[in-house]
Amino acid sequence: MKHRTVRVVLAVVVVLASLGAAYHVYRTAQQIGRIHAAAQAFDQATQKILEETATLKAALRAYVAPGQGLSFWSERVGQTLAALDADLTDLRTAATLPETRTAAESARAAARQLADMDVRIRKGLRIGDTMLAADSIFSEGEQGTANLVRQVEDARARQLAEYNNEASALERREALLASSAVLLLMLSVIALVPIEHAARADAAPQPPAPASPDDSAAPRDTMSELRIADGSPAPAPDIDVEAAARLCGEIARLDSPAGLPMVLERAAMLLDASGVVLWAASGGVELTAALTHGYSQQAIARMPTIACDANNVTAVAFRTGQVQFASGDMVTHGALAAPLGASGGTVGVLTAEMRNNGELQPARRALAAIIASQLATVLGGAPSPGTPS
């Protein structure tokens, strides 16, 4: 993998695989949206049927209530029964489960039995047989409407449970695709960045070193054996890849900067940073703290603007478009700066004050670069400078 051609091919494969995963995530999100819309429509249809059933029940009782007109209520009952038959037919058509269709058909049969009962009641009322009509309404009518309601509620519960299962399965698939894409990107960045740095180090001319007793020892790769202050190797990263994938997915779905404070908080947790700052570029001249997490109000008030040509990791990351870091010591934390690259150029920088020498870990730097690239899509709507999260 030391040849340039191999690295380019690997980069192309990673980009194509990431685009494919992003496309499938997009299609899966569309399917989830359609399922939620169908569930909402089915729920609204059942609510309408239940309201019509309550209206029918009240109208049937009005037949034998003192002072009510038969012609008005018979017309009301007829309209309600017709609407029930049409809505139950539509409900059966919308059902996707055999059990749901059976429940909808049973509810429709109950509505038809109520329609037959209504015909008999009207005949009895026309000849003055009020007692028989009342007996039918408060026995057969009550039982029929209760059966109709029970069947509709059963159809609703079964169908909404099926919609929920389908949506949950698709959401798990979406999370798996996003996790795979992020993991592939992270592993590729980890694999490529050290090789690139090592190649540059090998290409640079080195002055001859003085002879020493250790000259016979094999040379060491300084990128793979970075040391912290006490001389021990940099600790291996413990990154929650699934959490990183979920965070990137949520950033991609942000439609306003209102969700950025929560995003910065979760980014700080994933990076193991004591504080993070989102710097926004102003006309390519200076960088201003647009959003922060982990700092007090007093610290935020003292944060100055940074000139884009300054000699610090934040400004260098903005100018070069590459992740920069500064090692910490026994007193201060290390610093990590990742540029926010957009189609029109770098629009800002994400900086993090790292704990436990996390700035020395390529995986942490790669994760910071991924989060920063996602944040670049929403920085245009970020809050005013100096706003704490």
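Before reading on, note that the structure itself is shown above.
So, how was this worked out
Residues numbered from 1 in each chain as written. Predicted model: local features only at pLDDT ≥ 70, side-chain atom pairs only at ≥ 80, totals over all residues. Heavy atoms only, no water. Helix = DSSP H or I, 4+ residues; strand = E, 2+ residues; numbered from the N terminus. Buried < 20%, exposed > 50% of the residue type's maximum accessible area, 1.4 Å probe, protein only. Salt bridge = Lys/Arg side-chain N within 4 Å of Asp/Glu carboxyl O. Pairing = 2+ DSSP bridges.

**Q** Honestly, unusual backbone geometry in this entry has me stumped. Any pointers?
**A** The general pattern is negative phi for most residues beyond glycine and trans for most peptide bonds. Positioned with a positive phi, Asp272 is a non-glycine residue whose angle comes to about 60 degrees. Among the structural elements, Asp272 can be located in the loop between α6 (260-271) and β1 (273-282). Assessed through its relative accessible area of 23%, Asp272 is described here as partly exposed. The phi dihedral of Asn356 is positive, around 55 degrees, even though this residue is not glycine. According to the relative accessible area criterion, Asn356 is exposed, its value standing at 55%.

**Q** Help me understand the pattern of salt bridges in this model?
**A** Pairs can form between side chains of opposite charge whenever their charged atoms are close. Applying the stated rule across the entire model yields 13 salt bridges. With a closest N to O distance of 3.2 Å, Glu105 and Arg92 form a salt bridge. Taken as a pair, Glu105 in helix α3 (residues 98-126) and Arg92 in helix α2 (residues 70-94) lie far apart in primary sequence, 13 residues in all. Across the pair Arg158 and Asp154 runs a salt bridge, and its minimum N-O distance is 3.1 Å. Residue Arg158 and its partner Asp154 are located together in helix α4 (residues 130-203), separated by four residues, close to a single helical turn.

**Q** Would you take a moment to explain the pairing of β1 for this structure?
**A** The side chains of a regular strand alternate between the sheet's two faces. The element β1 is largely enclosed, with a buried count of seven among its 10 residues. Two elements, β1 and strand β6 (residues 345-354), share seven bridges in a ladder whose sense is antiparallel. Considered in β6, the bridge of Gly275 is made with Glu353. Sheet topology note: the β1/strand β2 (residues 286-293) ladder contains seven bridges and is antiparallel. Bridge pairing links Ala280 to Thr288 in β2. Between β1 and β2, which pair antiparallel and follow one another directly, the connecting turn spans three residues, one of which, Gly283, has a positive phi of 65 degrees.

In short, shape yes, function no, at least from these values alone.
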